[in-house]
Amino acid sequence: MKNNYVGIILGLLGIVCIIVAYTVIWNSLGEKTDAVKVENDALQAEVDRLQDLADHKEQYINDTKTMKEEDEKIIAQFPADVKPEDEILYADETEKNSLQLDITAISMPGSSVIEVAAPSAPAAEEAVTDEATGEETGEIVENTVTESEPTKPSNMLYQTPVTVTVRTAYSTLKDVLTRITKDGVNKKSVDMVNMAFSEETGNLEGTVTYNMYSLTGTDKTYESPKTPGVAVGTNDLFDTQARLAAILAEKAAGQAAAAAKSAAAAAQ
């Protein structure tokens, strides 16, 4: 009788062990199945994204070419640098090419960098692991890509403000402002216009502030402006030789006049 109880107990223990083992294994397999399913969903999303890129490859290439051409057109409007001589010559050219425009003063505080905020990184994980299966060996290769620090832009945009004090007619002022804003060779913009009507002259008097722009980091190099008819450099900075010759000529003329006066007095 006791042997029967022992057999029954052992049988029950075996059944319990089988149930426990089945439950543990089933749960473990279920967890692994869920993990594999999540991983497969992520890989499938990546495959769909890559397939979409492949389907639109030609469009992306053409769009990239178009945007590059537009960038080159924009960059072409910015000189490599703007120096004081460029500011002065542009103001002089504006005055010469405009009717009823007199520039009586010019202020040039210097150039400054235009700060442009760097694009913020997307909210994503810092490291992304891609699993790829080798074609020959069939082994799993993990490629980990870590986000790098944002690089400093190679192109730096500078603005050079210029303020000119002018006397001009209203129609001339409009023409000058239009010429500044639509300059397609060297980019400029009008910052502020402060004018008042003059009862004496009947014209407008005041100041015009505009910005001249330059861009570094391009293939352009700065070229000094050329002024026809104006020599660059001199062997005699203070023109001492010409001034000395003038002084000696004046003395000689004085001596000759005195000698002539003395000779005339003696003849009398």
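Described below are features of the structure shown in this document. Please read these numbers as outputs of a predicted model, since none were measured by experiment.

## Points about helix α3 (residues 84-96)
Next, step 1: Across its 13 residues, α3 extends 18 Å between first and last C-alpha, which sits within 8% of the 18 Å expected from 1.5 Å per residue.
Next, step 2: When we look at burial in α3, the residues that qualify are Asp86, Glu87, Tyr90, Ala91 and Thr94. Buried residues in α3, looked at end-on, bunch into an arc of 130°, giving them a common side.
Next, step 3: The inward-facing, buried residues of α3 contact β1 (101-107), β5 (156-168), α4 (170-181), β6 (188-197) and β7 (204-216).

## Quick word on the nonpolar core
Next, step 1: If you look at the biggest cluster of nonpolar residues, it comprises 14 residues, and the most contacted ones within it are Val164, Val208, Tyr210 and Met212.
Next, step 2: Mapped by element, the contributors of at least two residues to this core are α3, β5, α4 and β7.
Next, step 3: Per-element tally for this core: the top contributor is β7, with four residues.
Next, step 4: Every residue in contact with Met212, bar those within four places of it in the chain, is listed here: Val82, Asp86, Glu87, Tyr90, Tyr158, Gln159, Thr160, Val162, Lys187 and Lys188.

## A look at the pairing of β5
Next, step 1: As paired strands, β1 and β5 are joined by six bridges and run antiparallel to one another. Note on β5: the bridge partner recorded for Ile103 is Val166.
Next, step 2: Bridging between strand β2 (residues 112-113) and β5 involves two bridges; their strand directions are antiparallel. Residue pairing across strands places Val113 opposite Tyr158, the latter belonging to β5.
Next, step 3: The pairing of β5 with β7 spans 13 bridges and is antiparallel. Paired with Gln159 across the strands is Tyr213, a residue of β7.

Cut-offs applied
Residues numbered from 1 in each chain as written. Predicted model: local features only at pLDDT ≥ 70, side-chain atom pairs only at ≥ 80, totals over all residues. Heavy atoms only, no water. Helix = DSSP H or I, 4+ residues; strand = E, 2+ residues; numbered from the N terminus. Expected span 1.5 Å × (residues − 1). Buried < 20%, exposed > 50% of the residue type's maximum accessible area, 1.4 Å probe, protein only. Arc of directions from axis to C-beta. Contact = heavy atoms within 4.5 Å. Core = buried A, V, L, I, M, F, W, Y, C linked by side-chain atoms within 4.5 Å. Pairing = 2+ DSSP bridges.

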